[in-house]
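Here is what each chain is made of, one letter per residue.
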Amino acid sequence: MCGIVGYIGTDHAKEKVIDGLRRLEYRGYDSAGIAIPDGRKIRIVKAVGELKNLEAKASDPTFDAPVAIGHTRWATHGKPTELNAHPHGNMDNSIAIVHNGIIENYQELREWLTVEYGVKFKSETDSEVIAHLIGLYYDGDLLSAVNKAVADMRGAYAVAAMAAREPDKIVAVRKDTPLVVGHGSGFNMIASDVPALLKYTRDVYFIENNETVVLTKDSVVIFDEKGNEVERDIQAVEWKADAADKADYDHFMLKEIHEQPRVIQDTLFNRLNPDDSIKLDDISMTKEDIDNFNKIYIIACGTAYHAGLVGKMVIEKMTKIPVEIDVASEFRYRETFIDDRTLFIAISQSGETLDTLAALRDAKERGARILSVVNAVGSSIARESHDVFYTLAGPEVAVASTKAYTTQLICMYLIGLYMGSTKGTVGREYYEFILNELKELPDKVGRILLSEEKYKKLAERYHFNDHVFFIGRGLDSGVSYEGSLKLKEISYIHSFAIAAGELKHGTIALMDADSLVIALATQDRLYEKMVSNIVEIQARGAHIIGVAKEGRTEIEKTSDEVIYIPNCADEVAPVLAVIPLQIFAYYVALERGCNIDKPKNLAKSVTVE
Ligand code: M6R
C-alpha cells in the first residue's frame, strides 16, 4: 500500500522524507514523489519505479526546504505513471497533497469540480480530487480547507497537505488508514508507519480515526471530528532505530527468519512472572469474564489466519470452549452468532488490515469482547480492541511474514494457558509441562537455523518443481497452509496445502512423478497415519520431503528426504516445523531470481477490502 512521509523542521526536509519513504518500501510501491514549497507555489518532483529514480530527479540542491511531504504509490486508480504518482497539486500548485487509501466518490467529485469550477485534472487518480477540493476551499487557512474537503469525501484516507502560503505547517487527516506523528526537538514528522520515523525519533502520537493534525516545527495539535482540540500523550516506541535495517543479510526475510529465537524469547518471557504465572497486567480479562465466554472466534487474514488455525486447536484443547476460525473477508459476510458471551480474537501483524479491522468493529458492536494479537504498537486494531496482546517481533519489513507468525503462535499458547488455568481446565502439571516446552523453543529454533545449508540444498534440488503440495494432520495441517503460502507468495510456484486425510478424497488424483510433496509428520499421535498417507503418495511416484521429530526415523523409508526438528511436545511443534519451510521457500525464491522482500502484486499492509 502507499506510504506517506512528511517532515517539518529547520532544514533538509528532502533527505528526511526520502529516507522515511525508503523505510516504508516494504509496503510495496511503483512510483514516488516529493513536494516542497517554493515561494508562491509548491514544486513537485515524481518518478516511476524505485526511490533512487526519485532521488536522482530531485537531486538539485536548490530543491530543498525545511518542510516537505513525500509518497510512495501503489497503483489502484490509474497506471503507475509519473502523472499518477503523488504528490498531487491543485491547478496552480499552491496546494499539494499525498494520499493513502481510496476516495469512493471521486468520480462524482471530479465531475462536479470539472463542470462547476473548470478544474482540469492532470492524472487518472482518485487522490487528485483532494488537492482540488482543498484548493477550492482555501482562503489562507489550510486546516479549515482540509476540514471542508474532508466533509465532501467518502472512503478511506490518510492525507497530508501543504499550502504554499503557509510553509510553516503540514495538515494531515485520517479515516480508516494509518497515520502516525513523530515528535522531535525542533521538528515533527508524519508517516504511514513507525519505521519511517525511527531514525529521527521514537516519540510518537498515534492519530485516531477522523482526527486532523496540524504540525509545525515546534508543535503538534490534534483535533477531533468536531474540531475540538484533543489531548494525546506521547508514546515511546521501543523498537530500535536499526530494527528496520537489513544489517548484513541479503534480504529482510532472511534477517527476520534469523531473528526468531530472540523475538520468541522476548514475546514469551515478557509475559511471565518470576513464579511462571502469566502476566497480563494490561489485559483486563477477569476470571468472571473467562467463565462467561461460551464461544471464541479467531479472525485474521493470510499468515495471521494460519497462526489462528493452530490457535484454534490449542485454545480449544486448553479452555474446552469451542473456537471458530475464519478469514476476515468471509466472516464479515456470513451469519455469525456473536453476543456478550463471545470472545473475539483478531490476529494481525500490521494491525491495519482492513478486513480484520472491519470484522472486529462488527463483532464489537454486537457485544463481543475483543482481544487482539498485534505486532504494530498503536495500530488501528490495537487501539480499537478491549485488550491487546502484543507480539514483540519488532518491525517486520519483508512482505512474507515469518517472525510475526511464530510470535503469534506463542501468544496463542499463552492465551490458551492463561484462560485454561484461570478456568481450571488446565491443571498445574500440564501448565508447567507446556511452559517448559515453550521456554525451550528459542534454543531449538536456533538449532534448526544451524541447518540452513541443508534446506538451501533442498531448494537447489527442487526449485524447478511447478506444483508443490504441503500435507499434515492436526496441528501440522495448520503449518502446511503456512508453508505453502510462504512458498507461493515469494517464489510464484503453484503450491497447495491440504489436510493429509483429505488427500484420498480428490487431490491425490494430481499426484505423479512431477509432484513434490512436503509431508509434515511431527504429531506423535498421528504419526503412523501420516506415514500411511505418505506411502499412498509414494505409490504415485511423487517426490517427498518429510518433516519429523528427531528419532522418528521410520519416515525415511517412505520419503526422499527428511528434515528433522528437535524433539518437543506435539503442541509446540508448529513453531519448530515452520522454520525449515520458511528457509526452503526463501532459497527456492532465490534460485528462481524472485524479488523476495517485495513479491509482485503484494503489499505488506492491506488496507483495502
Ligand atoms: O498485517 P496482517 O497480519 O493483518 O496481514 C495479514 C496478511 O495480509 C499477511 O499475513 C499476508 O498473508 C503475508 N503476506 C503473508 O506472508
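Residues numbered from 1 in each chain as written. Predicted model: local features only at pLDDT ≥ 70, side-chain atom pairs only at ≥ 80, totals over all residues. Heavy atoms only, no water.

A. Representation of the packing of helix H17 (residues 475-491) against helix H19 (residues 573-591). Axis separation between H17 and H19 bottoms out at 9 Å; the angle between their running directions is 15°. Relative to H19, the element H17 lies roughly parallel. Along this stretch, H17 crosses H19, giving a crossing that reads as right-handed. Of the residues in H19, those in contact with Leu475, Val479, Glu482, Gly483, Lys486, Leu487, Ile490 and Ser491 of H17 are Pro574, Ala577, Val578, Leu581, Gln582, Phe584, Ala585, Tyr586, Val588 and Ala589. Grouping the amino acids of the contact of H17 with H19 by side-chain chemistry returns 13 nonpolar, three polar and two charged. (Axes fitted to C-alpha atoms, helices over the stretch in contact; angles between N-to-C directions. Helix = DSSP H or I, 4+ residues; strand = E, 2+ residues; numbered from the N terminus. Parallel < 35°, antiparallel > 145°, perpendicular 65-115°, else oblique. Left-handed = near helix turned anticlockwise from the far one by under 90°. Contact = heavy atoms within 4.5 Å. Nonpolar A, V, L, I, M, F, W, Y, C, P; charged D, E, K, R; others polar.)

B. Quick peek at helix H11 (residues 354-365). Relative to the 16 Å expected for twelve residues at 1.5 Å per residue, H11 spans 16 Å between its end C-alpha atoms, a close match to the ideal helical length. Phi turns positive, to about 100°, at Gly367, one or two residues after H11. (Expected span 1.5 Å × (residues − 1).)

C. Highlighting the site of the ligand. Taken together, 14 residues sit near the ligand, with Ser348, Gln349, Ser350, Thr353 and Glu489 positioned nearest. A distance of 3.0 Å is found between an oxygen atom of the ligand and a backbone nitrogen or oxygen belonging to Thr303. Between Ser350 and the ligand, the recorded distance is 2.6 Å, taken from a side-chain N or O atom to an oxygen atom. Coverage of the ligand by the protein amounts to 90% of the 410 Å² it exposes when considered alone. Listing elements by their share of the shell around the ligand, those giving two or more residues are helix H9 (302-319) and H17. Here the residues of the shell around the ligand sort into five nonpolar, seven polar and two charged. (Near = heavy atom within 4 Å. Polar contact = N/O pair within 3.5 Å; in protein donor to acceptor, adjacent residues only side chain to side chain. Areas by Shrake-Rupley, 256 points an atom, 1.4 Å probe, with all protein chains shown as cover.)

D. Broad picture of the pattern of salt bridges. Summed over all chains, the structure comprises 38 salt bridges. The shortest N-O distance in the salt bridge between Arg43 and Asp38 comes to 4.0 Å. Arg43 gets classed as partly exposed once you look at its relative accessible area, which sits at 26%. A single network of salt bridges, built from pairs that share partners, joins Asp524, Lys549, Arg552, Glu554 and Asp570. (Salt bridge = Lys/Arg side-chain N within 4 Å of Asp/Glu carboxyl O. Buried < 20%, exposed > 50% of the residue type's maximum accessible area, 1.4 Å probe, protein only.)

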